[in-house]
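Residue strings, one per chain:
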Amino acid sequence: MAEEVKNNDGEEVEEGKAHGNTGLPFGLCAKYGIVLPRNATPREAWNALKHRGIYPPWTEKGKDQYTSDKNDKTKEYVDEKRKQVYDRLRAVMDNKVPTKYREAVEKQLEMMDENELDIFDKTLSGANFQFTQKIGGAYFSPWGKSVVVSNHPTPLDKELGLDAEMTTFFHEYGHYLEERVFGHYGIRMKPEVKNAINEDLSELCNKICKDKGLGAFNKERITRSQKQAIIEFMQDKAGVLEMRKYTQASMYDFVRREPRSWEFSSEEEYNNAYREYRTYKDDPNGYEADYARLREFWAKGRKIEMDTAADRQRQGFLSDTISPWTNAKIHGYSNGLWGHSAAYDKFVEAGGETWAEYCSFRGTKDKKGLEMFETYMPRTKKVFDNLYDNSTKEIKE
């Protein structure tokens, strides 16, 4: 008899038994109206179904679930739930945001599992949505629960195939969710959040410094070389170092500078140098050829900037956490990274922007963003997963 073992969900399965019908969970998701992110795995599909109380048929919980009557009722419930949320969304957004923008939000709601949809539904009451044409003008204000949104899709929005600036919408919604569910600055002041952030970032920064031979990291006594190493680590991951190698190249690394009279000891030396320069300037294979090489060099940097823009935004959760965590001693925004002003980072507790970016990754179903989060801040992500998934218990409608 096969040995009974438990899987990651604590369910008993037979060791060595292959459950090879990988198409089953995807078919069930389609049947129940669950839209999965691109490149989802069968495990992720089963996890999405689990939020509906639907389990694999080879588990104890799932073996009696697959009757047509139950399936029809589940589908009817999901359809009715989505219709209810769309009606509420229209009620709070109509005449405040463009129709196209609201429809883009509705499209993202189609990708939410039942629990996420329930959270969104229960928190719509009291939300004050507003719209601005200003680029970068989106923000959340706790006074009046104002979620001010804009529609200037970022490179990350475009990479994800989103119809509007949804990365920012779900970021600001994340701030609103913190206020609405956990109270003013509620997430960032939770001991489990503060501890997780401190452990994750201490471990990461300590590894960066030790790998560079810079000694143990202590955020209360950061040395100049440690600060530079950590900034360069983030710049490298975000593509900033590679981009700046090209975009910040000096013109005179490629073309000859016009001679200046005060650089020479005699007028004759200056005149000779100037004649040589004029010959170089008039030669098609001289100045113009060198300047063309410079333009190509700069263009390569701009291409790198465009190619890495989406990941630079994704990487923002890290730079936008490290800066307030170190009281802006390691400041991302002034070093070409995603983030806020030093004054803002000195004022706020670390964790608020981290949570907002986490909510953005979940709302846009950005699998790569969540994987980055898991890589650099695994403890924090685990705490956020738990807080988010159980937030329905905290919501007071």
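Relevant structure appears above.
Asks: What is the right way to look at the nonpolar core in this model?
Replies: Across soluble globular proteins, nonpolar side chains show a tendency to be buried alongside one another. One finds F120, F169 and W355 to be the most contacted residues of the largest nonpolar core, which totals 72 residues. Ignoring sequence-local partners within four residues, the contact set of F120 consists of V85, L89, V105, L109, M112, F169, F170 and Y173. Core analysis: the next-biggest nonpolar cluster, separate from the first, contains eight residues, L28, I34, W46 and L49 among them.

Asks: What exactly am I supposed to notice about the side chain of S360 here?
Replies: In this fold, S360 is placed in helix 16 (residues 352-363). What S360 contacts, discounting residues up to four positions off in sequence, is T167, F170 and H171.

Asks: I would appreciate a short explanation of the pairing of strand 5 (residues 146-149) in the present structure.
Replies: Here is the key point about a regular strand: its side chains alternate between the two faces of the sheet. Of the two faces of strand 5, the one carrying S146 and V148 and the one carrying V147 and V149 are both buried. The sheet contact formed by strand 3 (residues 128-131) and strand 5 spans four bridges and is parallel. Residue F129 lies in a different strand from strand 5, and its bridge partner there is V147. Here three bridges tie strand 4 (residues 139-141) to strand 5, and the two strands are oriented antiparallel to one another. Residue S141 lies in a different strand from strand 5, and its bridge partner there is S146. The antiparallel hairpin formed by strand 4 and strand 5 contains four residues in its connecting segment, where G144 sits at a positive phi of about 85 degrees.

Asks: It is not clear to me how the packing of aromatic side chains should be interpreted in this structure. Could you clarify?
Replies: Two numbers describe a pair of aromatic rings. These are the distance of the centres and the angle of the planes. Enumeration over the complete set of coordinates arrives at 28 aromatic pairs. Centre to centre, the rings of W355 and F384 are 5.2 Å apart; their planes meet at 85 degrees, and the pair counts as edge-to-face. With a gap of 29 residues between them, W355 in helix 16 and F384 in helix 18 (residues 378-389) connect regions that are remote in the sequence. With respect to burial, W355 and F384 carry one shared label: buried. Plain terms: the ring middles of W355 and Y388 are 6.0 Å apart, the flat faces sit at 45 degrees to each other, and that makes the pair tilted. Note that W355 is positioned in helix 16 and Y388 in helix 18, a separation of 33 residues in sequence. Positioned above the aromatic ring of Y252 is the side chain of R257, whose terminal nitrogen or guanidinium carbon lies 4.0 Å from the ring centre.

Asks: When you look at the sheet that holds strand 5 in this model, what are you seeing that I'm missing?
Replies: The strands that make up a sheet pair up through hydrogen bonds in the backbone, lying either parallel or antiparallel. One open sheet accounts for three strands, arranged 3-5-4; its pairing is mixed. The open sheet has two free edges, formed respectively by strand 3 and strand 4, since each of these has just one partner strand. Neighbour-to-neighbour, the strand axes of the sheet open up by a mean angle of 20 degrees, direction not taken into account.

Asks: Can you help me understand the pattern of salt bridges in this one?
Replies: For side chains bearing opposite charge, pairing can occur when the charged atoms are close. On inspection of all chains with the given rule, the structure shows 28 salt bridges. In this structure, E116 engages R362 in a salt bridge whose closest nitrogen and oxygen atoms are separated by 2.9 Å. Taken together, the residues span a long stretch of sequence, with E116 in helix 5 (residues 114-123) and R362 in helix 16 at a distance of 246 residues. Among the residues examined, E116 registers a relative accessible area of 4% and is labelled buried. Several salt bridges converge on common partners, so that one network encompasses K83, D87, R90, D94, R102 and E106.

Asks: Mind showing me how you'd approach helix 2 (residues 42-50) here?
Replies: A45, W46, A48 and L49 are the residues of helix 2 that are buried. Projected onto a plane normal to the axis of helix 2, the buried residues spread over an arc of 155 degrees and lie on a single side.

Asks: Help me out: how do you make sense of the state of the cysteines in this one?
Replies: Simply put, the disulfide is a covalent bond whose two ends are the sulfur atoms of two cysteines. Within the structure shown, the criterion is met by zero disulfides. Lacking any disulfide linkage, C205 is separated from the closest cysteine sulfur, that of C209, by 6.5 Å. With relative accessibility at 0%, the residue C205 sits in the buried group.

Rules behind the numbers
- Residues numbered from 1 in each chain as written.
- Predicted model: local features only at pLDDT ≥ 70, side-chain atom pairs only at ≥ 80, totals over all residues.
- Heavy atoms only, no water.
- Core = buried A, V, L, I, M, F, W, Y, C linked by side-chain atoms within 4.5 Å.
- Buried < 20%, exposed > 50% of the residue type's maximum accessible area, 1.4 Å probe, protein only.
- Contact = heavy atoms within 4.5 Å.
- Helix = DSSP H or I, 4+ residues; strand = E, 2+ residues; numbered from the N terminus.
- Pairing = 2+ DSSP bridges.
- Phe/Tyr/Trp six-rings, centres within 6.5 Å; stacked < 30°, edge-to-face > 60°.
- Lys NZ or Arg CZ within 6 Å of the ring centre and 35° of its normal.
- Axes fitted to C-alpha atoms, helices over the stretch in contact; angles between N-to-C directions.
- Salt bridge = Lys/Arg side-chain N within 4 Å of Asp/Glu carboxyl O.
- Arc of directions from axis to C-beta.
- Disulfide = S-S within 2.5 Å.

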